[in-house]
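Descriptive structure summary
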Amino acid sequence: MFERPLLYLVPSYAAALLLAVGFGFEPPAPFLWLALLSLLLFGAGLAVRHRRLFTVLAMLCAAAFALVQLSLYAQYIAQPIRELCGRSAVIRATVLEDASVYDDAQRAELRVEPNRYAKRSFRTLCYLPLTETPLCAGDRIEAHVTFYLPGNTGGFDRARYLAADGVFISATFNKDENGDAIGFSQLTSGSRSPRYLPQRIARFCRSAVSAALPEREAGLLRGLLLGDRTELSDDDTLSFRIAGLSHLVAVSGLHVGFLAAFCIFLLGKRWGTYLSLPLILLFVPVAGATPSVIRAAVMYLIAAAGFILRRETNAMISLMAALALLLLCNPFAVFSLSLQLSFAATLGLLLFASTMQHRLSAPFAECSRLIAVPVGAVTCTVCASVFTLPISLATFGRASLLSLIANLPAAPLAGVCFVLGYLLCAVSAVFPALVPLFAVPLRLLLRFLLILAERIASLPFGSVDATRSLSLAALALAGAAVLVWLTVGSHVRWRIVLPLVCCAVIGLFTADTVIRAGEYRITCLPCGSGQAIILSDTRGHMTLIDCAGAGSARNAAALTHEWMRLNGQHRIDTLILTAVDQGHARDLPALLDKVKVGRILVPSGVPQSAKNAELLTLCQQYSAEEISREQTLTDSAAPVSVFPVTAGKLGVCIADRLLVLHSATPKQLEIYFSETRDLPRADELVLSQSAFGAEKTLTGALHLMQTRNILIAARNEDFTLQYGDVSCESTYLSGEIVRRYKKE
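On a predicted model such as this, the values are computed, not experimentally measured, just so you know.

Structural notes on the overall build of the chain
When its secondary structure is counted, the chain shows 23 helices and 26 strands. Here the C-alpha radius of gyration of the chain, 29 Å, is about what a compact globule of 744 residues would show, namely 27 Å. Principal axes of the C-alpha set define a box for the chain whose edges measure 85 × 75 × 70 Å. Of the contacts formed within the chain by residues at least 6 apart in sequence, a portion of 68% connects residues at least 24 apart. When the accessible area of the chain is evaluated, it comes to approximately 36400 Å², of which 60% is carbon and sulfur surface.

Comments concerning the pairing of strand β1 (residues 88–95)
Bridge count for β1 against strand β5 (residues 140–148) is 7 bridges, and the pairing is antiparallel. Along β5, the bridge assignment pairs Val 90 with His 144. Pairing of β1 with strand β3 (residues 106–112), which is carried by 3 bridges, proceeds in the antiparallel orientation. Its bridge partner being in β3, Val 95 is matched across the sheet by Leu 110.

With respect to the packing of aromatic side chains
If you walk through the whole model with that rule in mind, you get 17 aromatic pairs. Taking the centre distance of 5.4 Å and the plane angle of 55 degrees together, the rings of Phe 156 and Tyr 161 count as tilted. In this structure Phe 156 comes out as partly exposed when scored by relative accessible area, which is 35%. Here the aromatic rings of Phe 168 and Phe 332 are separated by 5.6 Å at their centres, their planes lie at 70 degrees, and the arrangement is edge-to-face. Of this pair, Phe 168 sits in the loop between α4 (158–163) and β8 (170–173) while Phe 332 sits in the loop between α10 (315–329) and α11 (337–361), and the two are 164 residues apart along the sequence. Of the two residues, Phe 168 and Phe 332, neither departs from the other in class, the shared state being buried. The positively charged end of Arg 160 is found above the aromatic ring belonging to Phe 335, 4.3 Å away from the centroid.

Notes on a nonpolar patch on the surface
Where nonpolar side chains cluster on the molecular surface, the patch consists of Leu 266, Leu 267, Trp 271, Tyr 274, Leu 275 and Leu 279 and spans about 560 Å² of accessible area. A relative accessible area of 31% means that Leu 275 is categorised as partly exposed.

Considerations on the nonpolar core
Leu 110, Phe 122, Leu 128, Phe 147, Leu 327 and Phe 332 are the most contacted members of the largest nonpolar core, which totals 62 residues. For this core, the element with the most residues is helix α3 (residues 51–82), which contributes 13 residues. Counting residues in each nonpolar core, the second largest holds 59 residues, with Leu 213, Leu 248, Ala 410 and Ile 456 among its members.

Digging into helix α21 (residues 666–675)
Buried residues of α21: Leu 669, Tyr 672 and Phe 673, and no others. The buried side chains of α21 occupy one side of the element, clustering within an arc of 95 degrees when seen end-on. For α21, the exposed residues set more than 90 degrees away from the buried face come down to Lys 667, Ser 674 and Glu 675.

Some thoughts on the packing of helix α8 (residues 253–286) against helix α13 (residues 403–430)
Taken N-terminus to C-terminus, the directions of α8 and α13 make an angle of 75 degrees; their axes are 13 Å apart at the nearest point. As the angle between them shows, α8 and α13 are arranged roughly perpendicular. Touching His 255, Phe 258, Leu 259, Phe 262, Phe 283 and Val 286 of α8 are Ala 411, Ala 414, Gly 415, Phe 418, Val 419, Tyr 422 and Leu 423, all from α13.

Let's talk about the sheet that holds strand β16 (residues 596–603)
The sheet built from 7 strands is open, its strands ordered β17-β16-β15-β14-β13-β12-β26 with mixed pairing. A strand with exactly one partner marks an edge of an open sheet, and here the two such strands are β17 (625–627) and β26 (737–742). Adjacent strand axes in the sheet meet at a mean angle of 25 degrees when their direction is disregarded. Looking at chain direction, strand β12 (residues 519–524) and β26 are connected through 6 bridges and run antiparallel. Looking at the pairing, Arg 521 lines up with Arg 740 of β26.

Details of the pattern of salt bridges
Per the stated rule, a full pass over the model turns up 23 salt bridges. Its salt-bridge partner being Arg 398, residue Asp 465 comes within 3.9 Å of it at the nearest N-O pair. With a gap of 67 residues between them, Asp 465 in strand β11 (residues 463–465) and Arg 398 in strand β10 (residues 398–400) connect regions that are remote in the sequence. Considered together, Asp 465 and Arg 398 belong to a single accessibility category, that of buried residues.

Concerning the sheet that holds strand β18 (residues 631–633)
The 8 strands lie next to each other as β18-β19-β20-β21-β22-β23-β25-β24, forming an open sheet whose pairing is mixed. Looking at the sheet topology across the chains shown, the edges are occupied by β18 and β24 (722–723). Pairing of strand β23 (residues 709–713) with strand β25 (residues 726–730), which is carried by 4 bridges, proceeds in the parallel orientation. By the bridge assignment for β25, Ile 710 is matched with Cys 728.

Describing the side chain of Gln 531
By the secondary structure assignment, Gln 531 is in strand β13 (residues 531–537). For Gln 531, the contacting residues outside a window of four places in its chain are Ile 545, Asp 546, Cys 547, Ala 548, Thr 578, Gly 583, His 584, Val 660, His 662 and Val 686.

So, the state of the cysteines
Overall, the coordinates contain 0 disulfides when judged by the stated rule. Free of any disulfide, Cys 425 has its nearest neighbouring cysteine sulfur in Cys 205, separated by 3.7 Å.

Some details on the packing of helix α5 (residues 197–212) against α8
As a packed pair, α5 and α8 sit with axes 8 Å apart at the nearest point and diverge in direction by 75 degrees. Comparing the axis directions of α5 and α8 gives the class roughly perpendicular. Of α8, the residues touching α5 (which contributes Pro 198, Ile 201 and Ala 202) are Leu 282, Pro 285 and Val 286.

Side note on helix α17 (residues 556–566)
Among the residues making up α17, those that are buried are Ala 556, Ala 557, Thr 560, His 561, Trp 563, Met 564 and Leu 566. Regarding α17, its N-cap is Asn 555, as a side-chain oxygen of that residue lies 3.0 Å from the backbone nitrogen of Ala 557 further along. Gly 568 lies just past α17 and shows a positive phi near 70 degrees.

A word on the environment of Met 705
Following the sequence through the fold, Met 705 ends up in the loop between α22 (695–704) and β23. With 92 residues separating them in the primary sequence, Met 705 and Ala 613 have C-alpha atoms 36 Å apart. In this view, Met 705 contacts Leu 659, Phe 673, Leu 679, Pro 680, Arg 681, Ala 682 and Leu 685; residues no more than four positions away in its chain are not counted.

With respect to the side chain of Asn 567
By secondary structure assignment, the location of Asn 567 is in the loop between α17 and β15 (571–576). From its side chain, Asn 567 meets the backbone oxygen of Trp 563 in a polar contact 2.8 Å long.

Comments concerning the pairing of strand β4 (residues 122–128)
The buried count for β4 comes to 6 of 7 residues, which makes it a mostly enclosed element. Pairing between β3 and β4: 7 bridges, direction antiparallel. Considered in β4, the bridge of Arg 111 is made with Arg 123. Examined bridge by bridge, β4 and β8 share 3 bridges and lie parallel to one another. Looking at β8, one finds that Leu 125 is bridged to Ser 170.

Some details on unusual backbone geometry
One non-glycine residue, Asp 546, adopts positive backbone phi at about 70 degrees. With respect to the helices and strands, Asp 546 occurs in strand β14 (residues 542–548). With a relative accessible area of 0%, Asp 546 lands in the buried category. The backbone of Asp 656 sits at a positive phi, close to 60 degrees, despite the residue not being glycine. Along the chain, Asp 656 turns up in the loop between β20 (649–654) and β21 (658–660). Asp 656 sits in the partly exposed class, given a relative accessible area of 39%.

About the thresholds
- Residues numbered from 1 in each chain as written.
- Predicted model: local features only at pLDDT ≥ 70, side-chain atom pairs only at ≥ 80, totals over all residues.
- Heavy atoms only, no water.
- Helix = DSSP H or I, 4+ residues; strand = E, 2+ residues; numbered from the N terminus.
- Rg over C-alpha atoms; globule rule 2.2 N^0.38 Å.
- Contact = heavy atoms within 4.5 Å.
- Areas by Shrake-Rupley, 256 points an atom, 1.4 Å probe, with all protein chains shown as cover.
- Pairing = 2+ DSSP bridges.
- Phe/Tyr/Trp six-rings, centres within 6.5 Å; stacked < 30°, edge-to-face > 60°.
- Buried < 20%, exposed > 50% of the residue type's maximum accessible area, 1.4 Å probe, protein only.
- Lys NZ or Arg CZ within 6 Å of the ring centre and 35° of its normal.
- Patch = residues over 30% accessible without salt bridge, like charges linked within 9 Å, V, L, I, M, F, W, Y side chains within 5 Å.
- Salt bridge = Lys/Arg side-chain N within 4 Å of Asp/Glu carboxyl O.
- Core = buried A, V, L, I, M, F, W, Y, C linked by side-chain atoms within 4.5 Å.
- Arc of directions from axis to C-beta.
- Axes fitted to C-alpha atoms, helices over the stretch in contact; angles between N-to-C directions.
- Parallel < 35°, antiparallel > 145°, perpendicular 65-115°, else oblique.
- Disulfide = S-S within 2.5 Å.
- Polar contact = N/O pair within 3.5 Å; in protein donor to acceptor, adjacent residues only side chain to side chain.

Shown next, in the form of structure tokens:
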């Protein structure tokens, strides 16, 4: 404790913040916690001669300090900004980062100047009207905006996500009756200020890369250099995610390592270290100053300072110092996914990498130089994965198992592309004629990296689902075995234990596979007021009900295609459109471009209008079958009954489990419920948000159908969570909804 206090104080400090922020606990009355901290400090002072007691009290002091800091930060910094929620005001602000441009607006991070509602400046993420040229870092604007708190949509807590970045309020510009922006103007352009030099460098790098390389390769290189994935296609982004290579296109400590290694390779250790210091200090803001980059930069700067001053440094203490620095600046950053993954991976490397590398290399001592690179790659991947997999499973509900295979060739290749990419940008600024000398090899390397990610992502059994308890148990057992081998491995009889562990892991995975083979799954994708429901099993059967999302952020075709790739499905056997309109088939053209569809079922008697003419034509081109009376599909994962509700509208019932009546209007539902003698039995019912207008007949119908739960396709939070004695649920709040049933 006395020799290395950070190793004891920072973990308890961070753990207290993680628990408090995780449970939404913002301690009131900071002076009460300050009194507790003072009491603990007094107790620690009295116990200074008792090392163990002193250590415990010091760690409790660190935890109490975390609560004091969180309370003060929330009360005096975060809360005054949150109180702006619902207010409309004219603000003057400076753009901090280049704006992201959308179809009808642009989103920019602003530093709002003090005004009548806020006495100090603060940051906000604001939607602004489109301008002739997108807003750039340094521009000053004036706008009439309304502030709001981001909600929890699709299972994603956006308010917590932004708070981790120090943004506690969002805003959007106000419009008049004609839809024009009120009081918006661009006052000055400060993009030439030295303060915004990093943003100008990043902007130049983006344009230089886009000009020198094809679109697909340029999108990947922008991700490698700047963490900018806006130009990386959805398919390529998903391939990198499935292959466990997402960290390559999200700038992290790995990229800082690439830069430092290149400098040392170029000039040697001494002068390379001197050169790397200013380059890394510049790289941090150019890459967006994410927690992972700041962590790596702080650790490298401490190590470099120790080398220059000829002082010994400790990597673990450097890691703790970086963590303390980030959390002191913003305690809510403890829930930054970038920070969590970066620190977890680095912790795994520091604790176990040297031991693992030594033990893997020991049997090959005669050829240690030949195997140094592959052994190092395996060591880094395994040690980092052991600590990051639980975080990925908790956050995304799924984690890749392919990273060990993918990182062996991809990590060194990405390092070469990173260095060549920045050299290309430098040459573009000084000697544009030499750009092809760098662009040609870069194009080949980037294309190979894209193909590699695509091929590895197509391998079966490449990921584990957080809902599969047996697979998680197998993964936990394998991870525990690795940790035991690295810590007390010399005391274990591995000739006996290793076969037992392997048999247990294989047995658990096999049992899970057998159980899954006897199940079918119903998945409701988060499409907002639209709908996309998937019925599937592990034998490749897949039925899709409707394909419509609520806007580009909830594109049903993109969500369906992503789901199919993550779950190893290659085609849709049957596509059922319960109505041929924008609310149920808006994304049909995009889906048919990406996915093979066996047959399409549509309702008969669909009236043609200007809004659905293109959809009807597309259905005719694909020889869609019209449903005029009830039909049962027996070639799907479970029995599916398709029946007309009224002219131009279909209902779908899946094995008495789920009844889909999303397409019917409230009046049509009232008629259907009142005129149908034998209503289908269904545990769950899918309705639109407006369907509760059929209140007269809905309550009785729910009782007759023995419905226990209602799934609402909602466009906003304005829906009930309880309808009588029937509970309600929506993908708008919870995200993807999955139901698993045993095949009969």
